[in-house]
Structures are given as C-alpha cells and as structure tokens.
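# Structure at a glance
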Amino acid sequence: MSKSSILYAGFCMAVIGLFVFATMNGFSPFAQGGTRSFVHAAYGPTHK
Amino acid sequence: MTTPLPSVRALTCTSCGGTIALRAAGSTVSLICEHCGTTLDATDPQLRIIARAHAAMHRPLIALGMRGVLRGTTWEVVGYLERSDGGDGWSEYLLFNPYQGYAFLLDDGRRFSLGFLLDRLPSYTWGEMELDGEGYKRFGSSYATSVKFVVGEFYWRVAVDERVRVSDYVRPGKMISCEENGSERTWTRLWMLEWGEAEAAFGLERRQREWSRPSPHEPSPYRDRLIESTIIGLIAAVTLLIVAIMGGGSTRVASADVQAALDGATHSEIIRDIELPGRNAALTLTARAEQLDNSWVDIDYSLVNRRTQENFDAYALAEHYSGSDSDGSWSEGDSTPSIKLSSIPPGSYDLVVELGAHRWISPSRSLYITSYAPGASSPIPVTITVDRGGMFAGNVILGLILLLIWPAILLFLHFGFEQRRLSPVTEDDDE
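So, here is what we can say about the structure in this document. (Residues numbered from 1 in each chain as written. Chains lettered and ligands numbered in written order. Predicted model: local features only at pLDDT ≥ 70, side-chain atom pairs only at ≥ 80, totals over all residues.)

### Let's talk about the overall build of chain A
Within chain A one finds one helix and zero strands. The buried share of chain A, reckoned over its 48 residues, is 25%. (Helix = DSSP H or I, 4+ residues; strand = E, 2+ residues; numbered from the N terminus. Buried ≥ 20, exposed ≤ 12 C-beta atoms within 10 Å, placed from the backbone.)

Here you go:
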C-alpha cells in the first residue's frame, strides 16, 4: 500500500471518529435551532 | 539470467581505417563505423561500403559495447539509431545477448521501454489487437518514420533515411508496434520500464519523474492509489452509514396538543418537565398542523433549562396552501415542520411555544383560492412533539464528502492522465 493510501486511511479513521463523537453528543453544525430561515421572510405560496 | 557474452571481433573500417568492434558476428548484417559513420556490409569479408556517412557523428547516451542487466538478462548495446516521425524523435538501442538474441531499448526522452520482436502475429478481435489474452487499443493513425542517425551493428540493412510506416497499439504498460516497408512487416512488443530501471542498468543519471506528456503506453501513476483509496473510502463510507443507522434512533420525551388562534393574537403554551437524561443529545421539535388550509402558523420555540435558565431558541413555520388556476389544481407548503437542536445538555426543561396563525389571501386576481380555513376565527390544532436523539442528515452528507473527496481527486487526476496519454487519438482520428 502506498504512503498516501496509509495517510488517507488515517484520515478516514479520524473522520469516522469525529462522526461517532458528534453522533454520541447529538452535535451538528447544520442544526436549525436559533435560526430563522430567510426563505420564510415572506409568507404565502410560491406557486405561479 | 546473466549469461556469458562472446568475445568481440576487431575489424578495420574500409573507409577511415579506424578499428571497429563486431560484437554479434554471424547475426550482424550492417555495421556502422563508430568513427566515421560509414555503413559497411558485415556479411562481406572485405567489409564493402554500403553507404558513406553524411552526418556528423555523435555519441549515444549509452555507449556501444556497454553492458547492463535488464529484467534478469545481461544485454550489450551493439547498435544505436535515432528516428523521427517528422515531429517528435526518439532513440533506439539494439541490445544483444547470445542466448536471448536481440532486444530494443527505446528512449523517448522521458522513459525507456524494452522491446522484443514478435515471432507470431497478434489477432484482431472486437476492434482491438489481442496478444496473450491482452487487448491493445489502436493509438492514432499509422505514421511514417525515418532514420536520422545510426551507428553500430544491426541484423538488418539500415541506413540514414530508411523509411518505415508504423502503427501502434497500446495498453497501460505495454505497446505493440507494427513496422512496414515495401518488403516486410515486423511486430514488436514493448514493455515500459520502471522509472530509473534502465538508468540503473546502464549507469545513467536517474531521470526526474514527470507526467505532463505521458507516453502512449505509460501506465497511470494514479491507478494503484485510486484502487487502494476507493477500497478504503468505500469501507469507511459503509462504516459511517452503519454508525449513522445505529445512532439514528430517537426517543419521544414530550408531546402536547396546543391551539393557534387564526388571525388572533400570538399566545404562548408551555410544555413542562421535559427530562433529558444522560449526555448531550440532539432534540427534534415537530409541529403537526394538518388542518391548515391557505394559512400558516408561526411557531417560536424556547427550550429553557429549569435549573440554569439557559435557553435554546428555534423557529418553525407550518403552512399549507392550495388552489386552482388554468393549469389545474395545486397545493404546497409543509404543515408538519421539524427543526433540530444540536447538542442539548442533559437536565430538566420547559418548552415555551409561541404560536400565531394567519390566513393567506392572494394579492393577485389571477390566483383563485378554492377555500379558506373553516370558520373565520376557529383555532387551528397543532400537536408539538419533542424527540431526543436522531441523526443529522447534514453530518452524514458532510462525512461522506470528506471520506470520498480523495478518491474523487485521484479519479480526476487519473482520467486527466489517460486523456493526455491518448490525446493524439482524439486529435488525429483513426483511419
């Protein structure tokens, strides 16, 4: 296996580790809490 | 296998009188004097002059008589010639071993290839040349080449300006080359040597690796890494998905039915004593307002920790609209919006929900609304549920992107290399 593949395998393990940590703590940078979406700045249907 | 080489026979050039070596006596037909460049007939005891030199002599990179071990066989350089197809030029060394016969060492200026004459014809199958079960794709059109410089001894009559027509068939790492002139056609199979292999065999300075202009049969330097990283990436992606599925479960911790007064004042409801045990967790707040009709409900959440008074705010909009126009009936809107809160600490919470429902009236006459909410002032029931746990889809997508970005980069580089490798095919279509 090449050196880059070994480094990539290590990177994958780090990503999975972070993902497991985020899952166990219910963390996400994509949580909607605290935000008011701009698309709802106007009410009503978008149908034309 | 290293084999003993025969003794060299010294001859005198009949043109310049210089001493020249005959290394493959009995096989050599043409002998080009390395001092004056005159082509001599090696089959004639008097060394008859076939052609006089008309080009300045220069020394090849690998000197005649140099020996080197390539792929387990000791080869001696007996001849050297330079060819050109009108554009690019390349060098060919004729190698000799008394037990293995002749071989060619091609130098395109970047890399070396080792070639052997074929003693059988490749077959033509499914648009490709096939040899030993391996397919070779046609590389561009056939092209004319001519000898620009020659020195040493050869088993065929060779001279400057000798012309042959060449057709190449390639696969990564190998090439079959067909050379034709008026009287014969020969097939040669070439193996691309590893970087530095020929340099090490013949004591040359090792060349720098670069892939800006790959040879037609050059294997992609990214292929092995692409295969390895794809396998690693897929294993990692499957692992991530398994973790996501296993950690994606949620538990309902609270549920309440509340009312939102239509076109009335905003009012608050409090869902008390929401217990979140254990560690930090995601929280999903869902509002179910299925009786909405051409109206919306603004929902402001505030989750308050009873002990610390720390609060987490969120907003949701439940809406549903329908009507009909010249295209027929239509409907849109999400009457059951869900929002997720990240990493809520354990504790006892109250959820304060502020609701305000509003009826929508089209500002445009072209849009005809079929109905309004039943009863001008009747409240809209909304069911609020609170679920602990669950998976963020954004986390899964971000994780998959991070895991697969390196194989994607390698795939991009690999196809870019293959495009450059085969670019003459696209620029100069097959005949």
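Right, picking up where we left off after that structure.
### Here's the deal with the pairing of strand S9 (residues 101-107) of chain B
Residues and elements named next belong to chain B. Pairing of strand S8 (residues 89-97) with S9, which is carried by seven bridges, proceeds in the antiparallel orientation. Note on S9: the bridge partner recorded for Leu95 is Ala103. In this antiparallel pair of consecutive strands, S8 and S9, the connection spans three residues. Both S9 and strand S10 (residues 112-117) contribute to a ladder of four bridges, which runs antiparallel. Each bridged residue has a counterpart across the sheet, and for Phe104 the counterpart in S10 is Gly115. Hairpin remark: S9 followed by S10, antiparallel, with four residues in the connecting loop; positive phi at Gly109, about 95°. (Pairing = 2+ DSSP bridges.)

### A few points about the interface of chain A and chain B
The interface is formed by 30 residues belonging to chain A together with 42 residues belonging to chain B. Split by residue class, the side of chain A that touches chain B holds 15 nonpolar, 14 polar and one charged. (Contact = placed C-beta atoms within 7 Å. Nonpolar A, V, L, I, M, F, W, Y, C, P; charged D, E, K, R; others polar.)

### Here we look at the packing of helix H1 (residues 3-25) of chain A against helix H2 (residues 223-246) of chain B
For the pair H1 of chain A and H2 of chain B, the least separation of the axes is 10 Å and the interaxial angle reads 10°. In terms of orientation, H1 of chain A and H2 of chain B fall into the roughly parallel class. When H1 of chain A is examined against H2 of chain B, the residues Ser4, Ser5, Tyr8, Ala9, Cys12, Ile16, Phe19, Val20 and Thr23 of chain A are found in contact with a partner set consisting of Arg225, Glu228, Ser229, Ile232, Gly233, Ala236, Thr239, Leu240 and Val243 of chain B. Class assignment for the residues of the contact of H1 of chain A with H2 of chain B results in 10 nonpolar, six polar and two charged. (Axes fitted to C-alpha atoms, helices over the stretch in contact; angles between N-to-C directions. Parallel < 35°, antiparallel > 145°, perpendicular 65-115°, else oblique.)

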